[in-house]
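Chain by chain, the residues:
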Amino acid sequence: MTSDLHQRVTRLSLEDKARLLTGRTGWVLHAATEIGLLPITVSDGPAGVRGTEATQDEHSAGLPSPTAVAAAWDTELMERVGRFFAAEARRKDVDVVLAPVLNLHRSPAGGRHFECFSEDPHLTAELGAAFVRAVQGEGVGACPKHFIGNETEHERTGYVSRIDERTLREVYLPPFEAVLDAGAWTIMAAYNGVDDGVETSTMTEHRRLLTDLLKGELGFDGVVFSDWAATRSTAPSADAGLDIVMPGPGGPWGRVLVDAVHAGEVDESVIDDKVVRLLRLAGRVGKLDRDTTTAVEGEGERVILREVGSRGHVLLRNEGDVLPLSDSVRTVALIGPNAVDAYTQGGGSAHVNAKYLVDPAEGLREVLPENVEVTLVRGGDPRRLLPVVTAEHLTEADLTLYDGDGEAIDLPEVPGGAFHINAREGTERAELVASLTLTEPGTHRVEVAAVGAHTIRVDGEIVSESDHRASVDDILESRHAHPEGPRVEIEVPEGAEPRTVGIGVDMEVGDFGGFGRGVIVQIRHAPPGPTVEEEIQEAVRAAETSDAAIVVVGTNNEVESEGYDRPTLDLPGSQDELVRRVCAANPNTAVVVNAGAPVLLPWLDEVPAVLWSWFGGQEYGHALADTLTGRAEPTGRLPWTLPRDHDDVPILDTHPVDGVHDYDEGVFVGHRAYDRDGIEPHRPFGFGLGYTDWRIDDAALSAPHTTAGPDGLVTEPPTITVTLTNTGRRPGHHVVQVYLEPPVDEDGLPRPPRSLAAFASVRAAPGETVTAHLDVPPRALAIWDPAEHARRTPEGAYHLAVGSSSRAIAHRLSFDVR
Ligand code: BGC
């Protein structure tokens, strides 16, 4: 087959070959029908399949975000999710899905935390491999990303992650190795650079990691895509092992790559290898010679998305069995900013245009008996920026685009108060003329923001001027999503006529590099309304007069998104105070956290019940209502450690120092650092309660000793048999977790006191005893020894701690490596 692909490549000119190596568009690759290559389509992302330029406005199924799915700790569930992805991809004519994200939660403050699975390499590896197996099993490609060292967002295109050899091999590489073992057809090279101790290069130019390690040692025969607009060079990136530059058209390859070959900077065989890889991918996804793709039969989306939602919910506290809600409840106060405006996807490239959203109120009203009354109250707006102006207040908005000579060349339709309009080549300047009509008496607040050089006027007066030239960084750092702009207050006196406010924005058309040219503007407005304190008082009154209160607190798109990290783990606004005051008003209160990454919950042990509900996708409200009412069990376990306090967090600050992130904590990531430092987490890694009770009766090991083979790995890895009983009154799931406690290494390499070695999700009826078999992978026992550049398994006495979280150990088994 490979020789046939090589044969095909010989039929193309150098120019034709080079053309194939940059996207034809942002999402579609070039075809070369003369050698049988049909166009391949790729699409984001890990929380649904968004589609291409042509189809992204068509709705997609919005899934719970990856942390939500990961929290079920269930590879079979992940495989079902993977197959559902494949069906969505085929429905939207997508051949390669840009997922899963395998970067780790090195810091809880990482902005894309919600897109990655876990702080733990083993959990991430198992779940990532399950996803890839399932998606590709249906003939759709997966693109695990972002290879490698892209754990945080701040200055993501510029920083260098300094990762020593052992840490790379033991912590950050294993998830990628697992997806390669699962047969991944493509990989995405990250924006950042890596200093691996030998070479320091940006990842699209990292020869040692792309060519020597990935394609050489690990035998990857697929395609390395660049992250979008990540490639900055021609010969260095082409030579290093990058195969396809995205997005296109344009970018640093194309004609310049041809010249580089002519100049002897890149060997033509390097180009040929890339085209062979592309053809191999085409063969794999059914786009070689003729389109052999077929529709994939997926599970009914309402059912699977709703089920996955509850499976990931993590019950953090449930004093006095406040949850599930009692049948005697007749009135429910549903309170909180995220009850009114649930955040069901994170921001950035993972976002899809979801088909619909079931919000918490709709979900509860549907699931609760008809005679139960649900009252919805916000309890204070936690957002920094004002809401986008509504059509009712925006009474005029005309945009004119001008060329360099000042000729008006386009009058695009303005779709609302916030827009990103693409502009064709030749457009240089844009002018927006808009009017707001303010009717309600009182103080109105108005914000106007534009990305790039601009002058903004409100009622003829200049309120903002900037000569900042827009660039690709405005997109990559997500400034386009929440542009800052001045705020003005405008008074409408009682009994006065509506007030018309004139807004004028004169701006330069932005050049966003690979993301095209365009203008980005937001007009935001808040009419007169109650203060936060007044809203909290209203929430307290609603709680006092209801049988039960449910407070949904959380983050929003200003807080959790691609492009930036979080400066604090506190809940935004006055939500902590809202929780405390509502709980004081009604002891029958459950707090629901709607966030994708850890937020501090200073009241966690003071309030009756707390449920972590993640970003639940379009079925969020149904899944939440199922869990709150007990129709479904919250079976999730934390895939990361919940800190008590900022001071306890091992890595909080995500700002690179002099452009470098030094991963000098080494192998002590997440819960391993808490164990090393003896810090009590607020809730440990692996924690989750559920609605039933479990007893781990017994755990037994296959053999009391084993030996290491010539590759440094044990020849007969331990297998463990665990019996456990559901001692409660409901059927339920439990996640059995096995942690390795290694002996002290004689050569002095520090090892985590406890690291996750195996896990299994089991289900049992009330009173039932079930058995789980868990295999400890040989690599879990091994160290990567930087002195030998190889793995070895130290001899000595090992323990395997079997339990229900990294801090709740029921049995400890021992064996020797001789
Ligand atoms: C993100 C990738 C994504 C790509 C395409 C980049 O900014 O880092 O994860 O797949 O954009 O949207």
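Residues numbered from 1 in each chain as written. Predicted model: local features only at pLDDT ≥ 70, side-chain atom pairs only at ≥ 80, totals over all residues. Heavy atoms only, no water.

Section: the site of the ligand
Here is step 1 of the chain: As a matter of local geometry, the ligand sits amid 13 residues, with D44, H146, Y191, D227 and E562 nearest to it.
Here is step 2 of the chain: Y191 has a polar side-chain atom sitting 2.7 Å from an oxygen atom of the ligand.
Here is step 3 of the chain: Contact with the protein chains removes 96% of the 310 Å² of surface that the ligand exposes when unbound.
Here is step 4 of the chain: Across the shell around the ligand, the residue classes break down as five nonpolar, two polar and six charged. (Near = heavy atom within 4 Å. Polar contact = N/O pair within 3.5 Å; in protein donor to acceptor, adjacent residues only side chain to side chain. Areas by Shrake-Rupley, 256 points an atom, 1.4 Å probe, with all protein chains shown as cover. Nonpolar A, V, L, I, M, F, W, Y, C, P; charged D, E, K, R; others polar.)

Observations regarding the side chain of T41
Here is step 1 of the chain: For T41, the position within the fold is in the loop between α2 (14-20) and β1 (42-43).
Here is step 2 of the chain: Not counting the four nearest positions on each side in its chain, T41 is found in contact with W27, V28, T52, D93, V94, D95 and V96. (Helix = DSSP H or I, 4+ residues; strand = E, 2+ residues; numbered from the N terminus. Contact = heavy atoms within 4.5 Å.)

Overview of the state of the cysteines
Here is step 1 of the chain: Per the stated rule, a full pass over the model turns up zero disulfides.
Here is step 2 of the chain: In this model C116 remains outside any disulfide bridge; the closest cysteine sulfur is found in C143, 14 Å from its own.
Here is step 3 of the chain: Classification of C143 as buried rests on a relative accessible area of 0%. (Disulfide = S-S within 2.5 Å. Buried < 20%, exposed > 50% of the residue type's maximum accessible area, 1.4 Å probe, protein only.)

Examining the domain arrangement of the protein chain
Here is step 1 of the chain: Split into domains, the protein chain comes out as domain 1 (2-52 + 62-286), domain 2 (301-383 + 531-662), domain 3 (391-526) and domain 4 (692-817).
Here is step 2 of the chain: For domain 1 versus domain 4, the distance between C-alpha centres works out to 32 Å.
Here is step 3 of the chain: Tallying the contact residues gives 13 residues for domain 1 and 18 residues for domain 4.
Here is step 4 of the chain: Summing the contributions of domain 1 and of domain 4, the shared interface buries around 1,300 Å²; its carbon and sulfur component is 57%.
Here is step 5 of the chain: Counting the surface domain 1 buries against domain 4, the share from its top three residues, W73, H122 and R166, is 49%.
Here is step 6 of the chain: Our count for the domain 1 to domain 4 interface comes out at two salt bridges.
Here is step 7 of the chain: The salt bridge partner of R791 is E177, with a shortest N-O separation of 3.9 Å. (Domains from an automatic or database assignment. Buried area = accessible area lost by both parts, 1.4 Å probe. Salt bridge = Lys/Arg side-chain N within 4 Å of Asp/Glu carboxyl O.)

Some thoughts on the nonpolar core
Here is step 1 of the chain: With 112 residues, the main nonpolar core has F147, I148 and F225 as its most contacted residues.
Here is step 2 of the chain: The residues touching F225, leaving out its near neighbours within four places in the chain, are L29, V42, C143, T186, I187, M188, A189, L242, I244, M246 and L281.
Here is step 3 of the chain: By size, the runner-up hydrophobic cluster in this structure holds 35 residues, among which are I335, V551, V582 and V610. (Core = buried A, V, L, I, M, F, W, Y, C linked by side-chain atoms within 4.5 Å.)

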